[in-house]
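# What the coordinates show
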Amino acid sequence: MRKMKLLRPLGITLAAAGTCALGLSLGSTSASPTFAPPAVAQANSPDLDRAVTALRAISTMKADFNQIDRAGNVVNGTMTLKRPGKIRFDYGEDADLLVVSNGRSLYMIDYEVNQVERWPIRNSPLGALLDPNRDVKQFGTLLSLGGSEVVSVDVRDPNRPEYGRIIMNFVRNRSAPGGLQLMNWVAVDAQNYRTTVRLSNHRYGISVPDSTFRFRDPRRSSRRPR
């Protein structure tokens, strides 16, 4: 149960900050996300357009992730993404927690206590990240980390501070859709709690059925889905 006690606050942070599986979450890179005030790149920098293009170029993606809370506790799992708007964070068969978006709402399902929490994504930064018809530049600001190989984007809605923020880090990779590969992000909720998600073993363009993003509601059944 210790693992589940850890997962619950992490899942809440993911939802409140709108990540996922930008949630988006991602493999290690030599450039670590930082919240020291970074230089803000020029608003007309082509790298922000490249980041938008890279996100829109992903039709489906699967990746392994590890997720780290502010105390340094780590959990692992698999993230599956399918556009438009679907994402799933699977913590394994023995986990009591599932985080999933069906394209309209993000759900955190807790099978230990038979509860489901829901957050709409339409007007949140997560909606900008997952919906290819919306422009991440509406919420995103390009940051300069002082290196030419890393593109960092700070995503937040200034009119909705309760949604928190996400800083996404891409590395240049010609084999990735759009030429940029999302490697990690840091989600910060309204209480300034930080969750770092790192991806590895990216697989693009794989077959992902829509059933991946469905779940059995534990409020209607005492049995967990397999």
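Calculation notes
Residues numbered from 1 in each chain as written. Predicted model: local features only at pLDDT ≥ 70, side-chain atom pairs only at ≥ 80, totals over all residues. Heavy atoms only, no water. Helix = DSSP H or I, 4+ residues; strand = E, 2+ residues; numbered from the N terminus. Areas by Shrake-Rupley, 256 points an atom, 1.4 Å probe, with all protein chains shown as cover. Polar contact = N/O pair within 3.5 Å; in protein donor to acceptor, adjacent residues only side chain to side chain. Phe/Tyr/Trp six-rings, centres within 6.5 Å; stacked < 30°, edge-to-face > 60°. Buried < 20%, exposed > 50% of the residue type's maximum accessible area, 1.4 Å probe, protein only. Core = buried A, V, L, I, M, F, W, Y, C linked by side-chain atoms within 4.5 Å. Salt bridge = Lys/Arg side-chain N within 4 Å of Asp/Glu carboxyl O. Lys, Arg positive; Asp, Glu negative; His and termini not counted. Pairing = 2+ DSSP bridges.

## Description of the overall build of the chain
Scanning the chain from terminus to terminus reveals three helices and twelve strands. Of the roughly 11,000 Å² of accessible surface on the chain, a fraction of 44% belongs to carbon and sulfur atoms.

## Some remarks on the side chain of H202
Following the sequence through the fold, H202 ends up in strand β12 (residues 194-204). In this structure the side chain of H202 is engaged in a polar contact, spanning 2.9 Å, whose partner is the backbone oxygen of L182.

## Some thoughts on the packing of aromatic side chains
Scanning the entire structure with this criterion turns up three aromatic pairs. Seen from their ring centres, F65 and F89 are 5.4 Å apart, and the 80° between their planes marks the pair as edge-to-face. One end of the pair, F65, is in strand β2 (residues 60-68); the other, F89, is in strand β4 (residues 86-90), and 24 residues separate them in sequence. Like F65, the residue F89 is buried in the burial classification. Consider the rings of Y107 and F215, whose centres lie 5.1 Å apart with planes at 55°: the pair is tilted. Highlighted residues: Y107 in strand β6 (residues 105-110) and F215 in the segment after β12, separated in sequence by 108 residues. Classification of Y107 as buried rests on a relative accessible area of 16%.

## Side note on the nonpolar core
Within the largest apolar cluster, 34 residues are counted, with the highest numbers of intra-cluster contacts made by M79, F89, Y91, V153, M168, F170 and W185. Grouped together as the second largest cluster of nonpolar side chains are eight residues, L98, V100, Y107 and Y111 included.

## Some remarks on the pattern of salt bridges
Summed over the entire model, instances satisfying the criterion amount to eight salt bridges. Residues D47 and R172 are paired through a salt bridge, measuring 3.0 Å at the closest nitrogen-oxygen approach. Separated by 125 residues along the polypeptide, D47 in helix α2 (residues 46-56) and R172 in strand β10 (residues 165-172) bring together distant segments of the chain. Classification of D47 by relative accessible area gives buried; the value is 14%. Under the relative-accessibility criterion, R172 is labelled partly exposed at 33%. Through salt bridges with shared partners, a single ionic network connects D47, R50 and R172.

## Let's talk about the side chain of D189
Mapped onto the elements, D189 comes out in the loop between β11 (180-188) and β12. R70 provides the closest opposite charge to the buried, unpaired D189, separated from it by 8.0 Å. Separated by 2.9 Å, the side chain of D189 and the backbone nitrogen of Q191 make a polar contact.

## A short note on the environment of R198
With respect to the element layout, R198 can be found in strand β12. Residues R198 and F65 lie 133 residues apart in sequence; the distance between their C-alpha atoms is 5.4 Å.

## Quick notes on the pairing of β11
Of all nine residues in β11, nine are buried; the element is thus mostly enclosed. Relative to β11, β10 runs antiparallel, the two being bridged by eight bridges. Bridging from a neighbouring strand, R165 pairs with V188 of β11. Here β11 folds back onto β12 in antiparallel fashion, the turn holding five residues, of which N192 has a positive phi close to 70°.

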